[in-house]
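Structural overview for review
Residues per chain are reported as follows:
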Amino acid sequence: VLHTTRQLHTTQQSLAPLPPLPEKGGEVRHGLIPEEFFQFLYPKTGVTGPYMLGTGLVLYLLSKEIYVVNHETVAAACILSIIIYAVKRFGGDVAAFADKLNEEKIAKALAVKNEAMENLQTAIEEEKKEQWRVEGRSYLFDAKRNNVAMLLETNYRERLMMVYNEVKKRLDYQVAMQNLRRQKEQDHMIEWVEKNVVKSITPQQQKESIAKCILDLKALSKGAHAAV
Amino acid sequence: MNLSFFDQFMTPHLLGIPLILIATLFPTLLYPHPGNRWIPNRLTTLQLWLLNLITKQLLLPLNKKGHKWALVLTSLMTFLLTINLLGLLPYTFTPTTQLSMNMALAFPLWLATLLTGLRNQPSISLGHLLPEGTPTPLIPALILIETTSLLIRPLALGVRLTANLTAGHLLIQLISTASMALLPIMPAVSLLTTSILLLLTILEVAVAMIQAYVFVLLLSLYLQENI
């Protein structure tokens, strides 16, 4: 249906937002006749009014043969009974199916919205966590600073050690030189003394010492014989 | 009014004014316009769902170029479906029982598919005249046969729809006449006849829907071959 059915130029032409659809359709009695008709006739004819009207009308049409009963009547009865049966049996299911289609459509859109909201919520929490992490930054820097200081200290001590070792090596060298010198002088002197002593032993003295030794040996042997 | 069996198939006149145009175009009024709503009412939702289903089904085997035919095929399907189903109501005139109207639908559409095929891909289109794997001596005969079958397609389309619907309507009328005539004589047999009529009416509902579908399906098949 085109928009020619609206009255021209009575409202602004914007089509949104559309007024919401009514919750339920118009009330109908017996699936055909609107409830308003019964309400319309109620003040004058009461509850049975419309039914009397209907019955009277049908009987009038039939008795005056304005409506002739022919083969189409039977065919009409058949198709109408089939239609009524189908509507009564499957009407609820079809309505539920249509509602389900609409529900799925809405649910899909809602799911998108909810997912977006959840994503944002998660992003907010992550951000808060990051901010908390940032607060702990100072501890990190302190620890790093301590590390660096320790490294520097270690390095300094190593170098001190090195210096000490080098100095000690040089001093040891000097001491070893002195010792060597002393040793050499001592050895040389001993050698010189021995040489001189050996040189000073005259042959006379040599003979005397040998004779003395023989006498001593004899004395000792006598003593040994006696012991045995 | 005393009806003969021909009255159902005569184009309706009211005081000399032919009503054929209204009779043909009335079914469009039964489909509410979806408008701007995102969530429409139940009738519109079902209508949109049905149109979606029909269009998907029809366009599935067609390639991209065939999608230009979507509107024609879907609207044709809805048109035939509605007219066929409305014709089952009493005292209604079914335009699709008229051979003239069905031929007017079938012939131009079939010719359109044929000419599309011959214009855009003539060799493939003509190649459809020879099924694969035929033994060589049979080729001339088979080409003649296939050409005949090709040329008879619009006739077949139109006559199939007309014959099915006309036969169905006629049967309903005859059996209801029999049922009515038997009522004063042998009520039990009349009851039996009425039960047969009930079953027949259910069949006719099915036939109405199937014939509409078959018409459009065959057209889409011819389109598939040629596009």
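None of these values were measured; they are calculated from a predicted model.

Cut-offs used in this document
Residues numbered from 1 in each chain as written. Chains lettered and ligands numbered in written order. Predicted model: local features only at pLDDT ≥ 70, side-chain atom pairs only at ≥ 80, totals over all residues. Heavy atoms only, no water. Helix = DSSP H or I, 4+ residues; strand = E, 2+ residues; numbered from the N terminus. Rg over C-alpha atoms; globule rule 2.2 N^0.38 Å. Buried < 20%, exposed > 50% of the residue type's maximum accessible area, 1.4 Å probe, protein only. Lys, Arg positive; Asp, Glu negative; His and termini not counted. Charge placed at Lys NZ, Arg CZ, Asp CG, Glu CD. Salt bridge = Lys/Arg side-chain N within 4 Å of Asp/Glu carboxyl O. Phe/Tyr/Trp six-rings, centres within 6.5 Å; stacked < 30°, edge-to-face > 60°. UniProt positions renumbered as here; feature names shortened; annotations may be inferred. Contact = heavy atoms within 4.5 Å. Buried area = accessible area lost by both parts, 1.4 Å probe. Axes fitted to C-alpha atoms, helices over the stretch in contact; angles between N-to-C directions. Parallel < 35°, antiparallel > 145°, perpendicular 65-115°, else oblique. Nonpolar A, V, L, I, M, F, W, Y, C, P; charged D, E, K, R; others polar. Left-handed = near helix turned anticlockwise from the far one by under 90°. Polar contact = N/O pair within 3.5 Å; in protein donor to acceptor, adjacent residues only side chain to side chain. Patch = residues over 30% accessible without salt bridge, like charges linked within 9 Å, V, L, I, M, F, W, Y side chains within 5 Å. Areas by Shrake-Rupley, 256 points an atom, 1.4 Å probe, with all protein chains shown as cover. Expected span 1.5 Å × (residues − 1).

Some remarks on the overall build of chain A
For chain A, the count of helices and strands is 5 helices and 2 strands. Going from the N terminus to the C terminus, chain A shows its helices and strands as β-β-α-α-α-α-α. In terms of overall size, chain A is more extended than a compact globule, its C-alpha atoms giving a radius of gyration of 68 Å where 228 residues would be expected to give roughly 17 Å. Viewed in the frame of its principal axes, chain A has a C-alpha envelope of about 200 × 65 × 35 Å. Scored against the burial criterion, the 228 residues of chain A give a buried share of 8%. Averaging the coordinates of the 31 positive side-chain charges in chain A and doing the same for the 28 negative ones gives two points 12 Å apart.

Some points on the pattern of salt bridges
Residue and element names in this part refer to chain A. On inspection of all chains with the given rule, the structure shows 10 salt bridges over all chains. Residue Lys-169 pairs with Glu-166 through a salt bridge whose shortest N-O separation is 3.5 Å. Here the residue Lys-169 and the residue Glu-166 both occupy positions in helix α4 (residues 137-200), the gap between them amounting to 3 residues, near one helical turn. When its relative accessible area of 52% is taken as the criterion, Lys-169 is described as exposed. What emerges from the salt-bridge pattern is a single network uniting Glu-166, Lys-169 and Arg-170.

Topic: the packing of aromatic side chains
Residues and elements named next belong to chain A. Within the structure shown, the criterion is met by 5 aromatic pairs over all chains. Aromatic pair Phe-38 and Tyr-51: ring centres 5.6 Å apart, planes at 55°, arrangement tilted. One end of the pair, Phe-38, is in helix α1 (residues 35-45); the other, Tyr-51, is in helix α2 (residues 49-63), and 13 residues separate them in sequence. Within the aromatic cluster, the residues linked to one another by ring pairs are Phe-37, Phe-38 and Tyr-51.

Looking at the UniProt feature "transmembrane region" (unreviewed entry) in chain B
Annotation from UniProt places "transmembrane region" (unreviewed entry) at residues 12-31, 69-89, 101-118, 138-158, 170-190 and 196-223 of chain B. Between the C-alpha atoms that bound residues 69-89 of chain B there is a distance of 31 Å. The span itself is 81% helix and 0% strand.

Regarding the interface of chain A and chain B
Contacts between chain A and chain B engage 31 residues on the former and 33 residues on the latter. Overall, the association of chain A and chain B removes approximately 2,900 Å² of surface from exposure, summing both partners, and the carbon and sulfur fraction of that is 71%. Where chain A packs against chain B, one counts 1 salt bridge. Where Arg-42 of chain B meets Asp-99 of chain A, a salt bridge forms, and the shortest distance between an N and an O atom there is 2.8 Å.

Overview of the packing of helix α3 (residues 71-135) of chain A against helix α7 (residues 153-182) of chain B
Two numbers describe how α3 of chain A lies on α7 of chain B: the axes approach to 8 Å, and their chain directions differ by 105°. In this view, α3 of chain A runs roughly perpendicular relative to α7 of chain B, as classed from their interaxial angle. Counted together, His-71, Glu-72, Val-74 and Ala-75 of chain A of α3 of chain A and Ile-172, Gln-173, Ser-176, Thr-177, Ser-179 and Met-180 of chain B of α7 of chain B form the full contact between these two elements. Split by residue class, the contact of α3 of chain A with α7 of chain B holds 4 nonpolar, 5 polar and 1 charged.

A word on the packing of helix α2 (residues 42-59) of chain B against helix α3 (residues 70-86) of chain B
Residue and element names in this part refer to chain B. Interhelical geometry of α2 versus α3 gives an angle of 125° and a closest axis separation of 10 Å. By the criterion of interaxial angle, the relationship of α2 to α3 is oblique. The chirality of how α2 crosses α3 is right-handed. In contact with Leu-51, Ile-54, Thr-55, Leu-58 and Leu-59 of α2, α3 contributes Ala-70, Leu-73, Thr-74, Met-77 and Thr-78.

Things to note about the environment of Gln-131 of chain A
Along the polypeptide, Gln-131 of chain A turns up in helix α3. When the C-alpha positions of Gln-131 of chain A and Tyr-85 of chain A are compared, they lie 68 Å apart, and in sequence the two are 46 residues distant.

Focus on the side chain of Ser-179 of chain B
Position of Ser-179 of chain B relative to the elements: it lies in helix α7. Residue classification places Ser-179 of chain B among the buried residues on the basis of a relative accessible area of 4%.

Side note on the environment of Glu-127 of chain A
Residue and element names in this part refer to chain A. Structurally, the position occupied by Glu-127 is in helix α3. On the accessibility criterion, Glu-127 (45% relative accessible area) is partly exposed. Sequence separation between Glu-127 and Pro-22 is 105 residues; the distance between their C-alpha atoms is 45 Å.

Topic: the side chain of Thr-97 of chain B
Looking at where Thr-97 of chain B falls in the secondary structure, it is placed in the loop between α3 and α4 (99-120). From its side chain, Thr-97 of chain B meets the backbone oxygen of Thr-94 of chain B in a polar contact 2.5 Å long.

Remarks on unusual backbone geometry
One non-glycine residue with positive phi stands out, namely Glu-65 of chain A, at about 55°. Backbone geometry places Leu-15 of chain B, a non-glycine residue, at a positive phi of 50°.

Observations regarding a nonpolar patch on the surface
Together, Ile-20, Leu-21, Ile-22, Leu-25, Phe-26, Leu-29 and Leu-30 of chain B make up a nonpolar patch on the protein surface, roughly 700 Å² of accessible area in all. On the basis of relative accessibility, which here comes to 32%, the residue Ile-20 of chain B falls in the partly exposed class.

So, α2 of chain A
Spacing of three or four residues puts side chains on the same side of an α-helix, whose turn is 3.6 residues. Taking 1.5 Å of rise per residue, 15 residues should cover 21 Å, and α2 of chain A covers 21 Å from first to last C-alpha, within 8% of that figure. Glu-65 of chain A, located one to two residues past α2 of chain A, shows a positive phi value of around 55°.

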